[in-house]
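Survey of secondary and tertiary structure
Read off the chains here:
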Amino acid sequence: MFNTAGHSANRLTYPVRICQQIGIYLSWSALLITGLSLAVVLSSYVFSLFQPVRWPTLTYFNLALLIAVVSRKWSIFFVIFSLPLATAFHEQIQHFYKPAVPYFVAYPSIDIIAGFTVGGFLREIFQYRKFSISKIAPPWPLGLLLIILVCSTAVAISRNFWQSASSFNWQELILSLLHFKLLSKSNDFAPVADMIVYSFAGLVVIIISEALRNNRDRDAIVFKPVVVAVIVSASYGIFQAFSKIGLPAATIAYRPESIGYGAVGFQSDIHSFAAHMLLGAVGLIGFLVRADHKYWRYITISAIVLSWIAIVLSKSRASLFLACITIFIIFIYRLKEKRENLYKNGIYFLVLIASVLIIIFYSGHYLWIKELYSAITNPDLNGFEAFNELSRWRLEFHSAAIRMSSQYPWFGVGNGEFFRLSSVLEFSNSLAMVRAGGENAHNYFLQTLAEVGIVGILSFMIVFLWPFFNVKKRVVLIPVTYGIFSLFLGNLYSHSFLLRENLILLSVFVGLLYSYAWKQKRSMFFYSQTIERQHLIIIFFGIAFILTLLGVVNEVIHSFGKLPFIYGSYK
């Protein structure tokens, strides 16, 4: 797991041995946490055998398990293809078949990954007559993040009991775990559902990185099903925009001045659908540039074009704006990199600008610019009120998230607790959130900062940045970086990651990222230092860890009795 180049295998320095031991403990912690979460999910399936079964609760699990037993390659394709489509696939089916009893599907990504994992274990046992868990080496940053999330979840549940003036009960905990799919946000044990989701995201990182690290075509293995899923989703979204089939009434009535009726595809709302289309419009560019086969280049170009059309028809202005700005920046960068074709690239640039203007005009999005101008120039509204109303109260939600995180900066309000606590007016200072009975921040990163604090955000950053410092040639990370960045774009002005299938899809890309880091190990900065500097680094991080731990403990202890964690205040 750790490369010790420059040090004799028999004469490792003391600081290096310390780092190795810590890394091993964190690695095994990741395995333990993800393993326990898998056991909880499988136990919930057994428990559900004694409950009324409503199709298609276990369909995704059974299908993923069957494919995984037969073929690893096709099981990976199925997982990546199905994740962005599974979120609301059952809802779209209902529009055609109109069942008497609505289909029950919750957390389909969990079912898919559970079947994929169990099927993979069975395939290994059938094929090799054995399975050794010691061969699996999860990245230590993943273990660090999961440990922090477990602690944050425990703190959140403790505060919930304090707020509701109730006591902990083991029987209730077990029943909540077995019914985690049915837990409401008001349930004191609700954070365990988010913890299970994050654990499964970690499980995907482990499995994908291990499966792909020795494969030269790893980019194609991941991106081909992404391309196919984007084409399917975009095509269906375009069909919806002109037929109204499968669209909620609110979507049909939203901004009638724009072309079409809107589109949600296989997502739950227009913004989540547009976030998926950003993966096609922006995230596939890296794969297109490096694709080896001409056939797949044409297919990828088709996916990109369909994604842009779908974004326009979705009526998600923020997604269209972010896509245009991102493409503009990418084009300027490419223009600077290839100055020898300045005239030709200049023509392309003008065509790009003209195309964007035509799209904005004919789709009706230019009316939003007029609306923006009218709101700003309205003397009855101040600047914040005008922009807040124009943003559909997102500025208010973002301000609430920043306010909440500032009250508990170190460790946040607790994993999965933002929605519940946003309804406390004195804490969120948001009337819109209170009237709705709780709301999300409509910016996944601000919401995550409010929930897990600086410590949690730094842990997430380590997970994403560690591979960039442990790969020989960073140029190989271009396609996956485009993919991850495009998914991030869809969560700046919305929260598509709250539809957990999109979060699990992100973990697939993180797994691809780590497959390169494990394959091309090299000496990290720490191992290239002298023994004296290694000791100084260990001392520095040791002191930083102790000070951070003291800050977290102090914040958590003093939170009980402090707003919003007032004893008995939540009913």
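The rules behind the values
Residues numbered from 1 in each chain as written. Predicted model: local features only at pLDDT ≥ 70, side-chain atom pairs only at ≥ 80, totals over all residues. Heavy atoms only, no water. Axes fitted to C-alpha atoms, helices over the stretch in contact; angles between N-to-C directions. Helix = DSSP H or I, 4+ residues; strand = E, 2+ residues; numbered from the N terminus. Parallel < 35°, antiparallel > 145°, perpendicular 65-115°, else oblique. Left-handed = near helix turned anticlockwise from the far one by under 90°. Contact = heavy atoms within 4.5 Å. Nonpolar A, V, L, I, M, F, W, Y, C, P; charged D, E, K, R; others polar. Salt bridge = Lys/Arg side-chain N within 4 Å of Asp/Glu carboxyl O. Buried < 20%, exposed > 50% of the residue type's maximum accessible area, 1.4 Å probe, protein only. Expected span 1.5 Å × (residues − 1). Arc of directions from axis to C-beta. Bend = angle between axes of the 7 residues up to and from the residue. Polar contact = N/O pair within 3.5 Å; in protein donor to acceptor, adjacent residues only side chain to side chain. Core = buried A, V, L, I, M, F, W, Y, C linked by side-chain atoms within 4.5 Å. Phe/Tyr/Trp six-rings, centres within 6.5 Å; stacked < 30°, edge-to-face > 60°. Lys NZ or Arg CZ within 6 Å of the ring centre and 35° of its normal. pLDDT = per-residue confidence, 0-100.

Viewed as axis vectors pointing N to C, helix α9 (residues 218-243) and helix α11 (residues 270-283) meet at an angle of 130°, and their least axial separation amounts to 10 Å. Classed by the angle they form, the pair α9 and α11 counts as oblique. Handedness of the crossing formed by α9 with α11: left-handed. On the side of α9, the interface is formed by F223, V226, A229, V230, S233, A234 and G237, while α11 contributes F273, H276, M277, L279, G280 and G283. When the residues that make up the contact of α9 with α11 are grouped by side-chain class, the tally is eight nonpolar, five polar and no charged.

The next thing to look at is the pattern of salt bridges. The final tally for this structure, using the stated rule, is five salt bridges. For D111, the salt bridge is made with K181, and the minimal N-O distance between the two is 2.7 Å. Here D111, found in helix α5 (residues 108-128), pairs with K181, found in the loop between α7 (170-178) and α8 (191-212); they are 70 residues apart in sequence, far enough to count as distant. Take D111: its relative accessible area is 1%, and that puts it in the buried class. One salt bridge in this structure joins E210 and R213, with 3.2 Å as the shortest N-O distance. Assessed through its relative accessible area of 25%, R213 is described here as partly exposed.

Next up on the list: the packing of helix α2 (residues 59-70) against helix α3 (residues 72-86). Contact geometry for α2 and α3: axes closest at 8 Å, N-to-C directions at 155°. In terms of axis orientation, α2 runs roughly antiparallel to α3. In this structure, α2 uses Y60, L63, A64, I67 and A68 to contact α3, whose residues at the interface are R72, W74, S75, F78 and A86. Across the contact of α2 with α3, the residue classes tally to eight nonpolar, one polar and one charged.

A few words on α2. For α2, built from 12 residues, the straight-helix expectation of 16 Å at 1.5 Å per residue is met to within 8% by its first-to-last C-alpha distance of 17 Å. All of the buried residues in α2 are Y60, F61, A64 and A68. The arc enclosing the buried residues of α2, seen along the axis, measures out at 95°, which places them on a common side. Opposite the buried face of α2, at more than 90 degrees from it, the exposed residues are L66 and V70.

Here helix α22 (residues 444-465) is 22 residues long, yet its end C-alpha atoms lie only 19 Å apart, well below the 32 Å a rise of 1.5 Å per residue gives. Taking the largest bend as the criterion, α22 deviates by roughly 115°, centred on G453. Two or three places before F445, at the opening of α22, N443 has a side-chain oxygen 3.0 Å from that residue's backbone nitrogen.

So, on to the environment of I259. Here I259 is to be found in the loop between α10 (249-253) and α11. Sequence separation between I259 and A241 is 18 residues, and the spatial gap between their C-alpha atoms is 8.3 Å.

Residues V41, I112, I113, F200, W308, L506 and F509 are the most contacted members of the largest nonpolar core, which totals 103 residues. Ranked by residue count, the leading element in this core is α8, at 14 residues. Here I112 is in contact with Y60, A64, F78, V79, S82, L83 and A86, once residues within four sequence places are set aside. Membership of the second largest hydrophobic core comes to 15 residues, among which are A400, M404, L446 and F565.

Attention now goes to the packing of aromatic side chains. Overall, the coordinates contain 25 aromatic pairs when judged by the stated rule. Centroid distance Y295 to W296: 6.4 Å. Interplanar angle 85°. Geometry classified as edge-to-face. We classify W296 as buried; its relative accessible area is 15%. Here the aromatic residues Y444, F445, F464, F488 and F497 are joined through ring pairs into a cluster of three or more. In this structure, R500 packs its charged tip against the face of Y198, placed 5.6 Å from the ring centre.

This brings us to unusual backbone geometry. The linkage connecting L563 with the following residue, P564, adopts the cis geometry, with an omega of 5°. Not every positive phi belongs to a glycine, and K315 is a case in point at roughly 70°. Turning to its location among the elements, K315 is positioned in the loop between α13 (294-314) and α14 (317-337).

Moving on, we come to the confidence of the model for the protein chain. The predicted structure's coordinates, where accompanied by low pLDDT, should not be read in detail. Looking at the protein chain, the pLDDT average stands at 85 and 84% of residues meet or exceed 70. Note that residues 1-11 has pLDDT below 50 and, in this model, 27 contacts with residues that lie over four places away or in other chains.

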